[in-house]
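Fold and contact review
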Amino acid sequence: MPQEAPTPSARQTELLEAAYQYALAHGLADLSLRPLAEAIGSSPRVLLFLFESKDGLLRALLARARADELALLGRVRQPDRPAGLVPAVERVWKWLAAKEHRPLLRLWAEAYTRSLVQPDGAWAGFARATVEDWLKVLAGFQPPAERDSKDGAARRTLALAVLRGALLDLLATDDEKRLTAAVEHQLALLHDGNEEG
């Protein structure tokens, strides 16, 4: 049976939050402990003590980013009933396109890519886990009969592919108008493909 991780200390939680804010502003690609520690009022030695290694700190930052992403996506839901994929994708795209979410989404894109090219170490499994996270979120919007069908799985996979592709393009070009039109076009096709509502 795996051991439970010890509860983080108040100082560890405080430094993780400060490091997360730093990562949102500066990214993770060239993260160096000395400038990070200086920026958040700590030292490399303290960070290594609290997080065991630089990889341990990166894993904690990735977990923090993933939790933030899921919490924000969770706010898109309407808890009273499943919405169906079309209104769900509309709401998720609106959330993705909001400028205030760009720092988190840039961090996500960086971690996702790094997980693909460096599948071991701190990045291990991040890309796969986020695919599963997002598919689960989209499944939560589908009525049970659709959600549990083969066609329902294909429809939410297509919806995710459209959202992810549009998101990457948006992060690269900032052309929200063009990408919103493309997402809306795909939504019309999804709706015509037997979406209820």
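Along the protein chain, the regular secondary structure elements total 10 helices and zero strands. In sequence order, the secondary structure elements of the protein chain are arranged as α-α-α-α-α-α-α-α-α-α. Expressed along its principal axes, the backbone C-alpha trace of the protein chain runs to roughly 60 × 45 × 30 Å. Sequence-distant contacts in the protein chain: of pairs separated by 6 or more residues, those separated by 24 or more amount to 65%. Total accessible area on the protein chain is roughly 11200 Å²; 56% of this is exposed by carbon and sulfur atoms. Taken as two groups, the 25 positive and 27 negative side-chain charges of the protein chain have centres that lie 2 Å from each other.

A few words on the pattern of salt bridges. Here the structure, examined in full by the defined rule, presents 12 salt bridges. Two residues, lysine 99 and aspartate 174, come together in a salt bridge whose shortest N-O distance is 3.4 Å. Of this pair, lysine 99 sits in the loop between helix 5 (85-97) and helix 6 (102-117) while aspartate 174 sits in the loop between helix 9 (150-173) and helix 10 (176-192), and the two are 75 residues apart along the sequence. Look at aspartate 174 and you get partly exposed, because its relative accessible area is 42%. With its nearest N and O atoms 2.8 Å apart, the salt bridge here joins glutamate 146 to arginine 155. For the pair glutamate 146 and arginine 155, a shared accessibility class is recorded, and that class is buried.

On to the packing of aromatic side chains, then. A complete count under the given rule lists two aromatic pairs for this structure. Ring centres 5.0 Å apart and planes at 35° place the aromatic pair tryptophan 108 and tyrosine 112 in the tilted group. In this pair, tryptophan 108 and tyrosine 112 both sit in helix 6, four residues apart, roughly one turn of the helix. Each residue in the set Trp108, Tyr112 and Trp134 is aromatic and connected to the rest through ring pairs, giving one cluster. Cation over ring: arginine 164 sits above tryptophan 134, and NZ or CZ is 4.5 Å from the ring centre.

A separate point is the confidence of the model for the protein chain. Per-residue confidence for the protein chain gives a mean pLDDT of 86, with 90% of residues at or over 70. Within the protein chain, the element-level pLDDT minimum falls on helix 4 (residues 54-74), averaging 86, and the maximum on helix 9, averaging 94.

The rules behind each value
Residues numbered from 1 in each chain as written. Predicted model: local features only at pLDDT ≥ 70, side-chain atom pairs only at ≥ 80, totals over all residues. Heavy atoms only, no water. Helix = DSSP H or I, 4+ residues; strand = E, 2+ residues; numbered from the N terminus. Contact = heavy atoms within 4.5 Å. Areas by Shrake-Rupley, 256 points an atom, 1.4 Å probe, with all protein chains shown as cover. Lys, Arg positive; Asp, Glu negative; His and termini not counted. Charge placed at Lys NZ, Arg CZ, Asp CG, Glu CD. Salt bridge = Lys/Arg side-chain N within 4 Å of Asp/Glu carboxyl O. Buried < 20%, exposed > 50% of the residue type's maximum accessible area, 1.4 Å probe, protein only. Phe/Tyr/Trp six-rings, centres within 6.5 Å; stacked < 30°, edge-to-face > 60°. Lys NZ or Arg CZ within 6 Å of the ring centre and 35° of its normal. pLDDT = per-residue confidence, 0-100.

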